[in-house]
Amino acid sequence: MKSTTRDNFSSKFGVIAAAAGSAVGLGNIWKFPYEAGQNGGGAFLVLYFFFIITIGLPIMISEFVIGRKTNANAVRAFKKITPDKPWYLTGIMGVAASFMILSFYGVVAGWTLEYVYLAITNAFKGQDPAALSEGFNNFISDPVRPLVWQVLFMVLTAIVVIGGIKNGIEKLTKILMPVLLLIIIVMGVRSVTLGANINAAGEVVGHSFDGLKFLFKPDFSKVDIDVVLDALGQAFFSLSLGMGTIITYGSYIRKNNNLNKTAVEVAFLDTLIAVLAGVAIFPAVFYFNVAPTEGPGLVFTVLPGIFQKMIGGYIWTLAFFILLTVAALTSSISLLEVGVAYFAEELKINRVKATIVVTAIITVLGIACSLSNNILKDVKLFGRNIFDNMEFLSSNVMLPLGGMLIAIFAGWYINKTDLYNELSNGNVLKLRFFKMFYFIIRFIAPVAIAIVFLYSVGLLGE
Ligand code: PHE
């Protein structure tokens, strides 16, 4: 792909598959369950829904518009619309966020590769959740092994990105996303039907229905400002918003594609998969009597336990971890693409070189994240290790901030008629919700995000 002839998605389904491929990933299956687990379950889910609909969706539409209208990478897009204002800094912050996210994302994706390997060798057989948890902790405490997988995963990501948009990204997502959805549904059914867990002494040690209650019965007494900020950050992270991924993908979308519909479909699918992942995990968490607050190791501890209770468990385990890795890959390529499009087009280096340089930088950052689970464990800033800082700063600070700026930009700096024209494909589509959308991006979204921020740093409230 040269900067003059930009690549395009070939079909409507290709666009949805690629954008959904970016959105659906470790954020849904690894991050959502552990965030919900640590933040009280149902109440977190309600807040998360609320932010997806009122803030996430309008910002996703804005990003699509900015990308397709300008046909440019996440930095140039801002320059094209406001050449004499510093708005392009929003794009630069997005590129920085993509580096930070991919640095820890690659680590977790590396863990999934290890789990593919463990699934192949049938290593989970006969292990109870305590043993599985110990196995996970031993694995991430090893300085070398996770690193090897992380580097391998980054190489895989770079290979797909070098392949270009149509050949690489589109083909992969189109086939594999639907299969992943199917497996999660089957896992959900198994998890919910586990029922009561009765030990040798005849006592009930856990019940799968308690997991459903935990996930769907909101207990708002658990909600404080940190929970709200986490839900907001998770909404941005899961929809790949606030940092230019959707702007960059938008720039590859054809002029006759219905952007509103694409955004609604992607947001719906993404939320559905997060909820289904919750339905697969929490009933099993309560059945096995594992703490829902277990944190980043939650899915790695609980899921292999569910598979052991399934007929053909070996195959399910293997298929699941392979597909989870693929889901991570379709997200990681969208993260890498932000930096690559920027480096290739702005610094005028060829795509292959840009990919190698960006991948190398991110991999080095990622090594620091990975080591923060073992030899760099005590290197802390604001009470968090390197991995947690990358995660917190990117998803809870930079993405919402980027999203707020994008909303303000689309609402106040793109001419209203231009915005309407781009969204309606030159007045071809009827836009029923334009007024509401416009009001949200101009006022509601920026103000809501600002309030959450001010509260969380203690400038508002107690
Ligand atoms: N949305 C992806 C996931 O849920 C992660 C991601 C964040 C991808 C930001 C791109 C941009 O796994």
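Everything in this summary refers to the structure shown in the same document. (Residues numbered from 1 in each chain as written. Predicted model: local features only at pLDDT ≥ 70, side-chain atom pairs only at ≥ 80, totals over all residues. Heavy atoms only, no water.)

**A few points about the overall build of the protein chain**
Line of reasoning, step 1. Of regular secondary structure, the protein chain possesses 18 helices and two strands.
Line of reasoning, step 2. Scaling as 2.2 N^0.38, a compact globule of 462 residues should have a C-alpha radius of gyration of about 23 Å, and the protein chain matches this with 22 Å.
Line of reasoning, step 3. With the C-alpha coordinates aligned to their principal axes, the bounding extent of the protein chain is approximately 75 × 45 × 45 Å.
Line of reasoning, step 4. Out of the 462 residues belonging to the protein chain, those deemed buried represent 59%.
Line of reasoning, step 5. Summarising the internal contacts of the protein chain: among those between residues at least 6 apart in sequence, 81% fall at separations of at least 24. (Helix = DSSP H or I, 4+ residues; strand = E, 2+ residues; numbered from the N terminus. Rg over C-alpha atoms; globule rule 2.2 N^0.38 Å. Buried < 20%, exposed > 50% of the residue type's maximum accessible area, 1.4 Å probe, protein only. Contact = heavy atoms within 4.5 Å.)

**What about the nonpolar core?**
Line of reasoning, step 1. Judged by nonpolar contacts, the single largest core of 153 residues is most densely connected at Trp30, Ile59, Trp111, Phe300, Phe320 and Phe321.
Line of reasoning, step 2. The greatest single-element share of this core, amounting to 18 residues, is contributed by helix H5 (residues 88-120).
Line of reasoning, step 3. If near-sequence neighbours (up to four positions away) are discounted, Phe320 is found in contact with Ile29, Ile183, Met187, Leu303 and Phe307. (Core = buried A, V, L, I, M, F, W, Y, C linked by side-chain atoms within 4.5 Å.)

**Here we look at the environment of Val364**
Line of reasoning, step 1. Along the polypeptide, Val364 turns up in helix H15 (residues 351-371).
Line of reasoning, step 2. It is 9.2 Å that separates the C-alpha atoms of Val364 and Val151, two residues lying 213 residues apart in sequence.

**A look at the site of the ligand**
Line of reasoning, step 1. Lining the immediate environment of the ligand, one finds 15 residues, of which Ala23, Gly27, Tyr105, Phe237 and Ser240 sit closest.
Line of reasoning, step 2. One nitrogen or oxygen atom from the main chain of Leu26 is found 3.1 Å from an oxygen atom belonging to the ligand.
Line of reasoning, step 3. In the environment of the ligand, an oxygen atom lies 3.4 Å from a nitrogen or oxygen atom belonging to the side chain of Asn28.
Line of reasoning, step 4. When isolated, the ligand has an accessible area of 320 Å², and the protein chains bury 100% of it.
Line of reasoning, step 5. Mapped onto the shell around the ligand, the elements with two or more residues apiece are helix H1 (12-23), helix H2 (26-38), helix H10 (225-238) and helix H14 (313-346).
Line of reasoning, step 6. In the shell around the ligand, the residues fall into six nonpolar, nine polar and no charged. (Near = heavy atom within 4 Å. Polar contact = N/O pair within 3.5 Å; in protein donor to acceptor, adjacent residues only side chain to side chain. Areas by Shrake-Rupley, 256 points an atom, 1.4 Å probe, with all protein chains shown as cover. Nonpolar A, V, L, I, M, F, W, Y, C, P; charged D, E, K, R; others polar.)

**Here we look at the packing of H2 against H5**
Line of reasoning, step 1. Between H2 and H5, the shortest axis-to-axis distance is 12 Å and the interhelical angle comes to 90 degrees. With respect to their mutual orientation, H2 and H5 come out roughly perpendicular. For the pair formed by H2 and H5, the contact residues are Leu26, Gly27 and Trp30 on the first element and Phe104, Tyr105, Val108, Ala109, Trp111 and Thr112 on the second.
Line of reasoning, step 2. Classifying every residue of the contact of H2 with H5 by side-chain character gives seven nonpolar, two polar and no charged. (Axes fitted to C-alpha atoms, helices over the stretch in contact; angles between N-to-C directions. Parallel < 35°, antiparallel > 145°, perpendicular 65-115°, else oblique.)

**Some remarks on unusual backbone geometry**
Line of reasoning, step 1. Even without being a glycine, Asn425 presents a positive backbone phi close to 50 degrees.
Line of reasoning, step 2. By the secondary structure assignment, Asn425 is in the loop between helix H17 (416-423) and helix H18 (434-456).
Line of reasoning, step 3. Judged by its relative accessible area of 16%, Asn425 falls in the buried class.
Line of reasoning, step 4. At Asn427, a residue that is not glycine, the phi angle is positive and equals roughly 70 degrees.
Line of reasoning, step 5. Note on placement: Asn427 falls in the loop between H17 and H18.
Line of reasoning, step 6. Assessed through its relative accessible area of 54%, Asn427 is described here as exposed.

**A closer look at the pattern of salt bridges**
Line of reasoning, step 1. Inspection of the entire model under this criterion finds 12 salt bridges.
Line of reasoning, step 2. With a closest N to O distance of 3.2 Å, Lys31 and Glu35 form a salt bridge. A residue pair is termed a helical-turn pair when its members lie 3 or 4 positions apart in one helix, as Lys31 and Glu35 do in helix H2 at four residues.
Line of reasoning, step 3. In this structure Glu35 comes out as buried when scored by relative accessible area, which is 6%.
Line of reasoning, step 4. Ionic pairing is found between Lys79 and Glu346, a salt bridge with its closest N-O pair at 3.9 Å. Remark: Glu346 occurs in helix H14 and Lys79 occurs in helix H4 (residues 76-81); sequence separation between them is 267 residues.
Line of reasoning, step 5. Note on Lys79: relative accessible area 34%, which makes it partly exposed.
Line of reasoning, step 6. Salt bridges linked by common partners bring Lys31, Glu35 and Glu391 together as one network. (Salt bridge = Lys/Arg side-chain N within 4 Å of Asp/Glu carboxyl O.)

**Examining the pairing of strand E2 (residues 204-207)**
Line of reasoning, step 1. Where strand E1 (residues 196-198) meets E2, three bridges bridge the pair, whose relative direction is antiparallel. Bridging from a neighbouring strand, Ile198 pairs with Val204 of E2.
Line of reasoning, step 2. In textbook terms, the turn of a hairpin is the stretch between consecutive antiparallel strands, and for E1 and E2 this stretch comprises five residues, one of which, Gly202, has a positive phi near 85 degrees. (Pairing = 2+ DSSP bridges.)

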